[in-house]
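# Commentary on secondary and tertiary structure
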Amino acid sequence: PWSCSSRGILVPRTFVPIPSPEPEGNRSCEVHVRTWCVRGVAGGKMAHRMGRDVEEDGWERSDFPILCETCLGPNPFVRMTKADYHAECKICTRPFTVFRWKPGAGARYKKTEICQTCSKAKHVCQTCLLDLQYNLPVQVRDTALGITEEEAQQAVPKSQVTLLHWAEEQDKLALTGQDQGTITYGKAPKNELLERMKRKEPYYKRNEARICSFFVKGCCKRGKECPYRHEMPQTGELANQNMKDRYYGVNDPVARKLMRGDKERNTLVPPEDESVATFFVGGLEEGIGKEDLAGVFCPYGELKSVNLVPLKRCAFVTFTSRGDAERAGEALAGNLVVKGKKLKLMWGKPLKQRDAPGLSRRKEGVQHIQPPAPPPPPSSIGAGAGTSYYPSMDPQTYGSKIVLPAEQEGQND
C-alpha cells in the first residue's frame, strides 16, 4: 500500500489527494499531505511505524524551544517557524519539533538540533549545546564539578538501543513530575572555577553568517551584496568539532582551549631573581587584617613579615624561604579567598639598589643646560633722571630711534 515519490518520501498510495476546484477543500488537502510528508522525512528509518500513534512511538512535540541568550539574539522580538516532527534528534534520533529563526541582522538562520528530552538531561541549549547557566561546554562543566565520564554515561547512555529506551522513560518521568536524571546540573551549587570562566555577556559573534564557499574558491561575484562572510576558514583543532562529542563532553577542542587559557591566566610564574620571596595581595576590604592573611599563607611555610597598606587596599606577604613562596604561589594562584572575598595575588618585584650618598646621579652622555643668568639691573638709557628702564623696555633694541626733546623742537621750527 506504500509508494515512493520523486523526493523519496513515503506516502500512502490510496491517500494521494486530487485537487478539487473548491478553495477550502484544496487547502485542507495540501495541509494533510504536508503532515504525512513531514512525518515520513522525520521517520525515514521508522517507516513501518508511521501508521501508529506518534505519542506512543515517543515522538516529541513542544510549543517553545529551550535556548540560551546568545542563540536568541539581541532582538527581544523573534519570529520563529515551527515544524512538528520535522527532523531527528542528533543524539537519540527521535523525531521532534524543529524551530527555525534568525537571531538578528547579519546573522544566519539557526534551528534546534536536539530534542528537549536530551536538552534537559544535560541542561544545555537545543542549538549550541552549551550549558544554560554558565554558557560553557559540557566538558568544562563536568570537569569543574568533578563528574567522571562513567557517571555522565550513566546519566545519558551512548548506545543507540539503550538511548531510545532511556528517552521514552525520561518522558514518562516528566509526565509524573519526577526527577529526570541522576545528575541535576541546574541545581548544583556554585563552583568557583565555573564562576570565573563563565561568559558574563552573550557572545553574538557566534551567530554570524557562514563563510562564502565561492569566496574561498575565488569566484564570488556578489561583493558587498553577498549574505555570507568573505573570510578564509580557520585551520587547527577548532576546525574539527563534533556534535556528539560536545554533548557528551568528550574530546571537545573548544573545552580544551578554554581550560588551557584559564590555566595560563591563573598560573604565577616565579621571577628570575631568587631573592624575591614576596607576594602582592590586592583588593583588600575593611575587616581583613594581618592575622587573616597569615592564616592563609602560614600552611605553606614560615612567614617573615605581613605588611598592610590600607590607603591602597593591598598587602605584602614575605616568606622566609623561596621554596615555601613557590609552593604558596602554585596553590593559591587564582584561588586566594579571605573572608569570602577573592583577592588578587602576584609576585612582588625586586627592590632597586639605591645610589650611594655623595655620588652624582648624572648619566653619561647627557648635557645639562645651565639656567639663564638673572636680568641686569635697571638703567636710565634714553630717559631723564629718576626714570629706570629694563633692557626689554629699550626701543632701540627692536630698531627704533629715540628722539631727544631738543631735536624734536628743531624739527617743529
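Throughout what follows, the structure given in this document is the object of discussion. This is a predicted model, so every value here is computed, not measured.

## Let's talk about the environment of leucine 145
One can find leucine 145 in helix H4 (residues 138-145). Between the C-alpha atom of leucine 145 and that of leucine 194, which follows or precedes it by 49 residues, the distance is 8.6 Å.

## Regarding the packing of aromatic side chains
Each aromatic ring pair is specified by the distance between its two centres and by the angle formed by the two planes. For the structure shown, the criterion picks out seven aromatic pairs. Relative to tyrosine 85, the ring of tryptophan 59 lies with its centre 5.6 Å away and its plane at 55°, an arrangement referred to as tilted. Taken together, the positions of tryptophan 59 in the loop between helix H1 (23-42) and helix H2 (69-72) and tyrosine 85 in strand E3 (residues 80-88) put the pair 26 residues apart, joining distant regions of the chain. Just as tryptophan 59 is buried, tyrosine 85 falls in that class too.

## What to know about the layout of surface pockets
Counted as a void, the largest pocket has a volume near 1800 Å³. In this structure, the largest pocket is lined by 38 residues; those nearest its centre are Arg206, Leu238, Gln241, Arg246 and Val254. Of all elements in the fold, only strand E5 (110-111), helix H9 (243-248) and helix H10 (253-265) reach the threshold of two or more residues within the lining of the largest pocket. Take the lining of the largest pocket: its biggest share by element is five residues, from H10. For the lining of the largest pocket, the residue count by class is 17 nonpolar, six polar and 15 charged.

## A word on helix H12 (residues 322-332)
Among the residues of H12, Arg322, Asp324, Ala325, Ala328, Gly329 and Leu332 are the ones counted as buried. Axial view of H12: buried residues confined to an arc of 160°, hence all on one face. As for H12, its buried residues are in contact with strand E6 (278-282), helix H11 (290-297), strand E8 (314-319) and strand E11 (344-347). Of the residues trailing H12, glycine 334 is marked for its positive phi of about 80°.

## Some points on the pattern of salt bridges
Inspection of the entire model under this criterion finds 22 salt bridges. Here glutamate 208 and arginine 229 are joined by a salt bridge, their closest N and O atoms 3.3 Å apart. Of the two residues, glutamate 208 sits in the loop between helix H7 (192-197) and helix H8 (213-217) while arginine 229 sits in the loop between H8 and H9, which places them 21 residues apart along the sequence. By sharing partners, the salt bridges in this structure join Arg61, Asp63, Lys82 and Asp84 into a single network.

## Re the side chain of asparagine 191
Within the secondary structure layout, asparagine 191 lies in the loop between helix H6 (160-176) and H7. A relative accessible area of 18% means that asparagine 191 is categorised as buried. Within the structure, the side chain of asparagine 191 is placed 3.2 Å from the backbone oxygen of alanine 144, a separation counted as a polar contact. When near neighbours in sequence (up to four residues on either side) are disregarded, asparagine 191 contacts Tyr134, Ala144 and Leu145.

## As for the pairing of E6
Looking at chain direction, E6 and E8 are connected through five bridges and run antiparallel. Each residue of the ladder has a partner; that of phenylalanine 280, found in E8, is phenylalanine 316.

## Things to note about the sheet that holds E11
What links the strands of a sheet is backbone hydrogen bonding, and the strands pair in either a parallel or an antiparallel sense. The four strands are arranged E7-E8-E6-E11 in an open sheet whose pairing can be described as antiparallel. The open sheet terminates on both sides in strands that have one partner only, identified here as strand E7 (303-309) and E11. Mean inter-strand twist for the sheet, computed between neighbouring axes without regard to direction, equals 20°. Here H12 sits on the sheet and contacts E6, E8 and E11; the angle it forms with E11, its principal contact strand, is near 145°.

## With respect to the environment of glutamine 126
Looking at where glutamine 126 falls in the secondary structure, it is placed in the loop between helix H3 (116-122) and H4. Classification of glutamine 126 as buried rests on a relative accessible area of 1%. When residues no more than four places from it in sequence are discounted, the contact partners of glutamine 126 are Pro65, Ile66, Leu67, Phe96, Thr112, Glu113, Ile114, Cys115, Gln116 and Ser119. Reaching out from glutamine 126, the side chain makes a polar contact with the backbone nitrogen of isoleucine 66 at a distance of 2.8 Å.

## Some remarks on the sheet that holds E3
One open sheet accounts for three strands, arranged E3-E4-E5; its pairing is antiparallel. The sheet terminates laterally at E3 and E5, the two strands that pair on one side only. Relative to strand E4 (residues 95-101), E3 runs antiparallel, the two sharing six bridges. Bridge pairing in E4 links lysine 82 to phenylalanine 99.

## So, the nonpolar core
By size, the foremost hydrophobic cluster in this structure holds 22 residues, and its most contacted members are Phe279, Val281, Leu293, Phe297, Phe319, Leu336 and Leu343. Elements with a minimum of two residues in this core: E6, H11, E7, E8, H12 and E11. If we ignore the near neighbours within four places in the chain, the residues touching leucine 343 are Val281, Gly282, Gly283, Leu284, Ile288, Leu293, Leu336 and Val338. Cys118, Ala155, Trp166 and Tyr247 belong to the second-largest nonpolar core, a separate cluster that totals 20 residues.

## Thoughts on unusual backbone geometry
A positive phi angle is found at tyrosine 85, which is not glycine, with a value near 55°. Residues other than glycine seldom take positive phi values, yet histidine 123 does so here, at roughly 55°. Residue placement: histidine 123 occurs in the loop between H3 and H4. Classification of histidine 123 as partly exposed rests on a relative accessible area of 22%.

The rules behind these values
- Residues numbered from 1 in each chain as written.
- Predicted model: local features only at pLDDT ≥ 70, side-chain atom pairs only at ≥ 80, totals over all residues.
- Heavy atoms only, no water.
- Helix = DSSP H or I, 4+ residues; strand = E, 2+ residues; numbered from the N terminus.
- Phe/Tyr/Trp six-rings, centres within 6.5 Å; stacked < 30°, edge-to-face > 60°.
- Buried < 20%, exposed > 50% of the residue type's maximum accessible area, 1.4 Å probe, protein only.
- 1 Å grid on protein atoms, 1.4 Å probe; cavity = no way out; pocket = protein on both sides within 12 Å on 5 of 7 lines; lining within 4 Å.
- Points joined across faces, edges and corners; volume = space filled by probe spheres on them.
- Nonpolar A, V, L, I, M, F, W, Y, C, P; charged D, E, K, R; others polar.
- Arc of directions from axis to C-beta.
- Contact = heavy atoms within 4.5 Å.
- Salt bridge = Lys/Arg side-chain N within 4 Å of Asp/Glu carboxyl O.
- Polar contact = N/O pair within 3.5 Å; in protein donor to acceptor, adjacent residues only side chain to side chain.
- Pairing = 2+ DSSP bridges.
- Axes fitted to C-alpha atoms, helices over the stretch in contact; angles between N-to-C directions.
- Core = buried A, V, L, I, M, F, W, Y, C linked by side-chain atoms within 4.5 Å.

Taken by themselves, the reported measurements are silent on function.
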